[in-house]
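These are the residues of each chain, in order.
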Amino acid sequence: MTFFLITSIGKILVVFTVIMVGVALLTLAERRICAWMQDRLGPNRVGFEGLLQPAADGLKNLLKEETLPAQADRTLFMVAPALAFVPALLTSAVVPFGSPLSTRWGDVPLVVADLPVGFLYILAISSLGVYGIVLAGWSSNNKYSLLGGLRASAQMISYEIALGLSTVAVLLLVGNVTLSAVVARQQQSVLTWNVFPLALAYFIFTVAAFAETNRLPFDLPEAEAELIAGYHTEYSAMKFSMFYIAEYANMVTASALMATLFFGGWDIPFTHWDDAPPWTVWKTLATILMFCLKVACFLFLYIWVRWTLPRFRYDQLMALGWKVMLPFALAYLAALATAIWVLHVRLGWAYDARFALALFGMNIAIGLPIVFVLDRGRLVVGSVTEEA
């Protein structure tokens, strides 16, 4: 019991520290990457190549004056940033980030809490972040902040459903919601990574994750084109920064989930060296490095999309969520369940590369007609001009 408590506390400190430091460096990475895309220099004055810029920004926010609107609900105004910030940290507790670490007292699984409810816990906790946004807009006693908060909540609720349905596809294929079991199921080969048999579920998850984290092209709650910033208009100093810290922490968690659910998690491709005991320190370090590399690729995708695509209009955003993503996810789940039943029960196939490729072919057969035949800009309301 003592060993369990010590290792659990150690993992909590390591994971939360890495996330907080990583979020700070991610803000610098985004500014440097967007500068590279726009042929600018970006922040490069504070420290070597601007590495101390996040520390300077944090110090600046700590020293700024805290403001409180005269008619604001003081308690909720102070609590709202924490309600947005804390769920962003808690969601990382069930994500395995490496193979077990071998010690003289036993193997230590590299996950803070290997819960049997797995990604259901993540969906439940991440959905709590909307309360912080709504309360931030309402408690400010500012009609524009309130409208921004309501719009953000409508957006998050809309895409939360599609996000959950895309993870149900993983449950159908793996038969387990524990993320460690999801990683283990994908270790046969690269072809058994869920991104191949569940290609359309991965696409739905990615689009919904962009909307969940309020990132372009779905950043309507805080669009720069508006007169004010949205739900956090009345906030200043560190309370204002906590909303952005929560956004970047959600980006990290969403990227970790993409890597875990669809890209094998910490599994190293093209080798089975890391799949089974005996566990060694080198295996642990190699799998942690591979997991971090996969997460970094998805974080780069977030940044790349933000500085490449224009944002949707709000009617297009909501139409995409309710009229396209939701019915498409439901229809896809029905088709996937039927295909798995036919392959597994009727044909007697075990889950292997052949099974995964058959499901991948089904995904292609469903996805290509939708993208190239049925869409043509008509599924998203207002995306094309109607012909006279």
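Anything mentioned here points back to the structure above.
Residues numbered from 1 in each chain as written. Predicted model: local features only at pLDDT ≥ 70, side-chain atom pairs only at ≥ 80, totals over all residues. Heavy atoms only, no water.

1. Notes on the overall build of the protein
Looking only at helices and strands, the protein has 12 helices and 2 strands in total. Ordered by position in the sequence, the α and β elements of the protein form the string α-α-α-β-β-α-α-α-α-α-α-α-α-α. For the protein, the C-alpha atoms occupy an extent of roughly 70 × 70 × 45 Å along the three principal directions. Sequence separation of at least 24 residues holds for 78% of the intrachain contacts in the protein that already meet a minimum separation of 6. Total accessible area on the protein stands at roughly 19,100 Å², and carbon and sulfur atoms take up 71% of it. Looking at charge distribution, the protein has the averaged site of its 24 positive side-chain charges lying 2 Å from that of its 25 negative ones. (Helix = DSSP H or I, 4+ residues; strand = E, 2+ residues; numbered from the N terminus. Contact = heavy atoms within 4.5 Å. Areas by Shrake-Rupley, 256 points an atom, 1.4 Å probe, with all protein chains shown as cover. Lys, Arg positive; Asp, Glu negative; His and termini not counted. Charge placed at Lys NZ, Arg CZ, Asp CG, Glu CD.)

2. Some points on the packing of aromatic side chains
The final tally for this structure, using the stated rule, is 16 aromatic pairs. An angle of 70° between the planes, with centres 5.2 Å apart, marks the rings of phenylalanine 263 and phenylalanine 298 as edge-to-face. Of the two residues, phenylalanine 263 sits in the loop between α9 (237-262) and α10 (281-306) while phenylalanine 298 sits in helix α10, which places them 35 residues apart along the sequence. Classification of phenylalanine 298 by relative accessible area gives buried; the value is 8%. Members of the aromatic cluster, each reached through a chain of ring pairs, are Trp193, Tyr202, Phe205, Phe262, Phe263 and Phe298. (Phe/Tyr/Trp six-rings, centres within 6.5 Å; stacked < 30°, edge-to-face > 60°. Buried < 20%, exposed > 50% of the residue type's maximum accessible area, 1.4 Å probe, protein only.)

3. Focus: the nonpolar core
Nonpolar side chains tend toward joint burial in soluble globular proteins. Grouped together as the largest cluster of nonpolar side chains are 99 residues, with contacts concentrated most on Leu198, Leu261 and Phe262. Per element, the largest residue contribution to this core is 14 residues, and it comes from α9. For leucine 198, the residues in contact, after removing those within four places along its chain, are Ala169, Val170, Leu173, Phe262, Tyr332, Leu336 and Asn363. (Core = buried A, V, L, I, M, F, W, Y, C linked by side-chain atoms within 4.5 Å.)

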